[in-house]
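# What the coordinates show
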Amino acid sequence: MGLREDMPLLARHEGEWEGTYTHLDGEGNLIDRHRSHLTCRIVDDVTYHQTNRYTWDDGRTEVLEFPGTYLGDGRCGFDTERIRGTFWELDDSTIYLHWIYKAEGEDMRLFELIVLSDDGKSKSRVWQWIRNGECVKRTLIDEKRVA
């Protein structure tokens, strides 16, 4: 079987999403906040591709490409200049990711949960940034489907 059939929740994420990323330090203090526009798509039986567009209030922008490859057994892997990791579906509403953000070093591990609403119109995400067993940062993301 292929990516779409083996990962039906991921397939439900296909489309355009807009939201806000809020980065907090380990004590819960605001570090950064910016808007996002994500394009999520399954290209073929083995390829997932996500394009993230970020915009800050001061006019800065950033566009990042995140290609992923279906590894089989309901798991995808990704390895870009920025991040490396794997993800899979936990149940019919939740995707789990384990990854490293390369600029932070191999000892900074990130754990992400993505929860899609039952109607598929919104999702919430949380990243926990763990270094030496301690949470040093959290990223909270709320998104709405726009197309």
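Summary of the structure given here. (Residues numbered from 1 in each chain as written. Predicted model: local features only at pLDDT ≥ 70, side-chain atom pairs only at ≥ 80, totals over all residues. Heavy atoms only, no water.)

## Structural notes on the side chain of T94
How we decide: Helix numbering and strand numbering both begin at the N terminus, where a helix is a DSSP run of H or I of at least 4 residues and a strand a DSSP run of E of at least 2. Type-normalised accessible area, obtained with a 1.4 Å probe on protein chains alone, sets the label of each residue: buried when under 20%, exposed when over 50%, and partly exposed for intermediate values. Polar contacts here mean pairs of N or O atoms no more than 3.5 Å apart (in protein, one a potential hydrogen donor and the other a potential acceptor; neighbouring residues in sequence count only if both atoms are side-chain atoms). Any pair of residues with heavy atoms lying within 4.5 Å of one another is described as a contacting pair.
Following the sequence through the fold, T94 ends up in strand β7 (residues 94–101). For T94, a relative accessible area of 10% gives the class buried. In terms of polar contacts, T94 uses its side chain to reach the side chain of S93, at 3.4 Å. Excluding its chain neighbours within four sequence positions, the residues that come into contact with T94 are L9, W88, E89, L113, I114 and V115.

## So, the pattern of salt bridges
To keep things clear, this is the line we draw: Here, a salt bridge means any Lys or Arg side-chain nitrogen found within 4 Å of an Asp or Glu carboxyl oxygen.
Overall, the coordinates contain 11 salt bridges when judged by the stated rule. Close ionic contact of E14 with R4 constitutes a salt bridge, the shortest N to O distance being 2.4 Å. Highlighted residues: E14 in the loop between α2 (8–12) and β1 (15–25) and R4 in helix α1 (residues 3–6), separated in sequence by 10 residues. Overlapping salt bridges, with partners in common, bring together E112, K123, R125 and E143 in one network.

## Here's the deal with the sheet that holds strand β4 (residues 61–72)
Pairing between sheet strands relies on hydrogen bonds along the backbone, with the strands arranged either parallel or antiparallel. Put simply, the rule is: Only when DSSP finds a minimum of two bridges between them are two strands counted as paired. The axes used here are C-alpha line fits, helices contributing only the stretch in contact, and every angle between their N-to-C directions lies in the interval 0 to 180 degrees.
If you trace the 10 strands once around the closed barrel, you get β1-β2-β3-β4-β5-β6-β7-β8-β9-β10, paired in antiparallel fashion. Within the sheet, the average angular offset between the axes of one strand and its neighbour, ignoring direction, is 25 degrees. Summarising the sheet, strand β8 (residues 108–116) and strand β9 (residues 122–131) pair through 9 bridges and their orientation is antiparallel. Residue L116 lies in a different strand from β9, and its bridge partner there is K123.

## Points about the packing of aromatic side chains
To describe a pair of aromatic rings, you give the distance between the ring centres and the angle between the ring planes. For clarity, the threshold we go by: Two rings belonging to Phe, Tyr or Trp (six-membered ring only in the last case) form a pair when the distance between their centres is within 6.5 Å. Interplanar angles under 30 degrees mark stacking, angles over 60 mark edge-to-face geometry, and anything in between is tilted.
Scanning the model with the defined rule gives 9 aromatic pairs in all. Both rings, one in W99 and one in W127, keep their centres 5.0 Å apart while their planes meet at 90 degrees; by these two values the pair is edge-to-face. Residue W99 is located in strand β7, and its partner W127 is located in strand β9; the two are separated by 28 residues in the primary sequence. The pair W99 / W127 is uniform in exposure class, with both members buried.

## Quick look at the pairing of strand β2 (residues 30–44)
Two strands pair when backbone bridges link them, and β1 and β2 are joined in this way by 10 bridges, in the antiparallel orientation. Among the inter-strand pairings, Y21 is bridged to a residue of β2, identified as H34. Adjacent in sequence and paired antiparallel, β1 and β2 are bridged by 4 residues, among which G28 carries a positive phi angle near 90 degrees. Where β2 folds back onto strand β3 (residues 47–55) in an antiparallel hairpin, the turn is made up of 2 residues.

## Quick notes on the pairing of β1
Taken together, the 9 bridges between β1 and strand β10 (residues 134–145) define a ladder with antiparallel strand orientation. Looking at the pairing, T22 lines up with L140 of β10.

## As for the environment of Q50
Mapping Q50 onto the fold places it in strand β3. With 16 residues separating them along the chain, Q50 and F66 place their C-alpha atoms 5.0 Å apart. Q50 has contacts with L38, T39, C40, L64, E65 and F66, leaving out every residue within four places of it along the chain.

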